[in-house]
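Residues per chain are reported as follows:
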Amino acid sequence: MRPVTYQKTREGEISVGGVPLRDLAQEFGTPLYVMDYQTLMENIARYRQVLEGWGTAYYAGKAFCCRAMVELVDRQGLGLDVVSGGELFTALTAGLDPGRVLFHGNVKTAAEIRAGLEVGVGHFVVDSLDELHQLDEAARAMGRTAAVLLRLTPGIEAHTHEFVRTGQFDSKFGFAIADGIADQAVAVALRMGNIELKGFHAHIGSQILDTEPLVANAEALLTFSGQVLQRFGFWPEVLDLGGGIGVRYGESDDPPDVTDLMTRVRMALGELTPRGMRPPHIIVEPGRSIVAEAGLTLYTVEAVKTVPGGREYIAVDGGMGDNIRPALYQAQYAAELDQKAGDTPERQVTVAGRYCETGDILIPSIRLPDPARGDLLAMWGTGAYNYAMASSYNRVPRPAVVLVNDGEASLWVDRERWDDLTRRDRPLRPA
Ligand code: LLP
């Protein structure tokens, strides 16, 4: 929930990465996204250690992507999962070897496919027969070969606390194993002159709090591979299990232990690899489980008001523009006020955002110690899908991102400014 470097003094002064929140607000302003280096490193290390020698983690850039994050991913020896030309461009700007990039997405435009081939991305994850044909043709025209993983839907639906295996899985993503379309895609891919089929991919959902469906996904891919071996004599070099491992947004969340989970996957790999075959190299694509708990958002309380009926609102200087998740998914977050001593009496309040929508509520109900105008509110666990999904709705500029480590803060992304918002605007032409 909170970054590993979180500290709070008896007077209630909170610091992260050795930097007091008050200093961050003073130097960089609010709202502010803060990322904790130590938490990022620990989360990355967990994947690296357990996968050593048999798998690779490709960080899912969609969770939080900026140049410095890709540089960090690069230095830590991870690969990168990108889903657009923009994420690919960011990776190249950061100097990442394109061979360590996996190009995802159910839509890749002709320009994106060409760019991917041109720079030589390591793998394309192909989502449809149309894309397969398009990629083959583009590769032929450019005299290249595209290394491909086919995206499959194994019919495992992962919910927070349950999972069901369904014969049919209605999804816009991938080739369903159940209806034979996955078989067909393998047959087509194997016949193509400029496609080199490397293996299979399946991603079954996000913020998954159970280990079972994630292990079942690995088993399903291995079982399918066994059938493909019998039918086509093809055995995958690579199996990519996607991302989706959940994190703690609140005290009661109990996400899977990455080390346990991957150890179970490794056992399944041993058991389900047919005799005489080499176990495929395993790829995982963690996004949220690397960045979510490393991040927090710092807001200033701008107004406190009680409405008829007794509900008390505290309005902060950010909201759905920097964090769309409560409005979009009813996502729940924990938060804390800075500089409130432990004995300050608490009140039940609603944390409201600044955007012109009734639905812009960040936290519907939370107990906070005597909230007042000017207070600093830290919202925990905002490192994933917050900055990445931010907008400039209401023409409110997007916040800056700072990294904290060892008592120092450094800018990762500058705060957007008013003139950034009008930079691409053109004047009305004279009539
Ligand atoms: N791989 C694939 C193919 C994916 O589609 C995703 C996420 C990931 C990896 C990374 O999943 P993670 O480890 O971060 O769960 N905006 C939503 C989450 C959308 C996830 C989309 N795909 C949210 O804010 O909860």
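Residues numbered from 1 in each chain as written. Predicted model: local features only at pLDDT ≥ 70, side-chain atom pairs only at ≥ 80, totals over all residues. Heavy atoms only, no water.

### Focus on the overall build of the protein chain
Right, so step 1: In terms of regular secondary structure, the protein chain is built from 12 helices and 23 strands.
Right, so step 2: Expected size for 431 residues packed as a compact globule is a radius of gyration near 22 Å; at 23 Å, the protein chain falls within 12% of this value.
Right, so step 3: Overall size of the protein chain, expressed as C-alpha extent along the three principal axes, is 70 × 65 × 45 Å.
Right, so step 4: A buried classification covers 54% of the 431 residues belonging to the protein chain.
Right, so step 5: Within the protein chain, counting contacts between residues at least 6 apart in sequence, those at least 24 apart form 69% of the total.
Right, so step 6: When the accessible surface of the protein chain is summed, it comes to about 19,500 Å², and 48% of that surface belongs to carbon and sulfur atoms.
Right, so step 7: Positive and negative charge centroids in the protein chain, built from 42 and 57 side chains respectively, lie 3 Å apart. (Helix = DSSP H or I, 4+ residues; strand = E, 2+ residues; numbered from the N terminus. Rg over C-alpha atoms; globule rule 2.2 N^0.38 Å. Buried < 20%, exposed > 50% of the residue type's maximum accessible area, 1.4 Å probe, protein only. Contact = heavy atoms within 4.5 Å. Areas by Shrake-Rupley, 256 points an atom, 1.4 Å probe, with all protein chains shown as cover. Lys, Arg positive; Asp, Glu negative; His and termini not counted. Charge placed at Lys NZ, Arg CZ, Asp CG, Glu CD.)

### Remarks on the packing of aromatic side chains
Right, so step 1: Evaluation of the coordinates by the stated rule reveals nine aromatic pairs.
Right, so step 2: Judged by centre distance (6.1 Å) and plane angle (80°), the rings of Phe 200 and Phe 234 are edge-to-face. Placement of the pair is Phe 200 in strand E13 (residues 195–201) and Phe 234 in the loop between helix H8 (212–232) and strand E14 (238–240), with a sequence separation of 34 residues.
Right, so step 3: Aromatic ring contacts, followed pair by pair, group Tyr 33, Phe 64, Tyr 387 and Trp 412 into a single cluster. (Phe/Tyr/Trp six-rings, centres within 6.5 Å; stacked < 30°, edge-to-face > 60°.)

### Brief notes about unusual backbone geometry
Among all residues save glycine, negative phi is the norm, and among peptide bonds the norm is trans.
Right, so step 1: Put simply, Thr 30 and Pro 31 share a cis peptide bond, and its omega is -10°.
Right, so step 2: Considering the arrangement of structural elements, one finds Pro 31 in the loop between helix H1 (21–28) and strand E4 (32–36).
Right, so step 3: With a phi angle near 50°, Gln 207 is a residue other than glycine that sits in the positive phi range.
Right, so step 4: Within the secondary structure, Gln 207 is located in the loop between E13 and H8.
Right, so step 5: Among the residues examined, Gln 207 registers a relative accessible area of 16% and is labelled buried.
Right, so step 6: Even without glycine at this site, Gln 339 takes up a positive phi of about 60°.
Right, so step 7: With respect to the helices and strands, Gln 339 occurs in the loop between strand E18 (335–337) and strand E19 (346–352).

### Section: the domain arrangement of the protein chain
Right, so step 1: Assigned domains within the protein chain: domain 1 (7–30 + 294–422) and domain 2 (37–288).
Right, so step 2: For domain 1 versus domain 2, the distance between C-alpha centres works out to 34 Å.
Right, so step 3: Taken together, the 17 residues of domain 1 in the interface contact 14 residues of domain 2.
Right, so step 4: Between domain 1 and domain 2 the total buried area reaches about 1,400 Å² when both faces are included, carbon and sulfur atoms providing 65% of it.
Right, so step 5: At the boundary of domain 1 with domain 2, the tally comes to zero salt bridges. (Domains from an automatic or database assignment. Buried area = accessible area lost by both parts, 1.4 Å probe. Salt bridge = Lys/Arg side-chain N within 4 Å of Asp/Glu carboxyl O.)

### A look at the side chain of His 104
Right, so step 1: With respect to the helices and strands, the residue His 104 is situated in the loop between strand E7 (101–103) and helix H5 (110–119).
Right, so step 2: Given the relative accessible area of 3%, His 104 is considered buried.
Right, so step 3: Among the polar contacts listed, one links the side chain of His 104 to the side chain of Glu 285, at a separation of 2.7 Å.
Right, so step 4: Discounting residues that sit within four places of it in the chain, His 104 has contacts with Asp 81, Val 82, Val 83, Val 125, Arg 151, His 201, Asp 240 and Glu 285. (Polar contact = N/O pair within 3.5 Å; in protein donor to acceptor, adjacent residues only side chain to side chain.)

### A look at the sheet that holds strand E1 (residues 7–8)
Right, so step 1: Spatially, the three strands line up as an open sheet ordered E1-E2-E3, and their pairing is antiparallel. Each of the sheet's edge strands pairs with one partner strand only, and the pair in question is E1 and strand E3 (19–20).
Right, so step 2: In the sheet, strand E2 (residues 14–16) pairs with E3 via two bridges, with the strands oriented antiparallel. Looking at E3, one finds that Ser 15 is bridged to Pro 20. (Pairing = 2+ DSSP bridges.)

### Some words on H1
Right, so step 1: Buried residues of H1: Leu 21, Leu 24, Ala 25 and Phe 28, and no others. The arc that holds the buried residues of H1, viewed along the axis, is 95°, so those residues lie on one side. With respect to the buried face of H1, the exposed residues turned more than 90 degrees away are Gln 26 and Glu 27.
Right, so step 2: Looking one or two residues beyond H1, the residue adopting positive phi is Gly 29, at roughly 80°. (Arc of directions from axis to C-beta.)

### Quick look at the site of the ligand
Right, so step 1: As a structural note, the neighbourhood of the ligand is formed by 18 residues, with Ser 206, Glu 285, Arg 288, Arg 325 and Tyr 385 the closest of them.
Right, so step 2: With the chains in place, 86% of the 580 Å² that the ligand exposes on its own is no longer accessible.
Right, so step 3: Across the shell around the ligand, the residue classes tally to five nonpolar, seven polar and six charged.
Right, so step 4: Mapped onto the domain boundaries, the shell around the ligand takes at least three residues apiece from domain 1 (7–30 + 294–422) and domain 2 (37–288). (Near = heavy atom within 4 Å. Nonpolar A, V, L, I, M, F, W, Y, C, P; charged D, E, K, R; others polar.)

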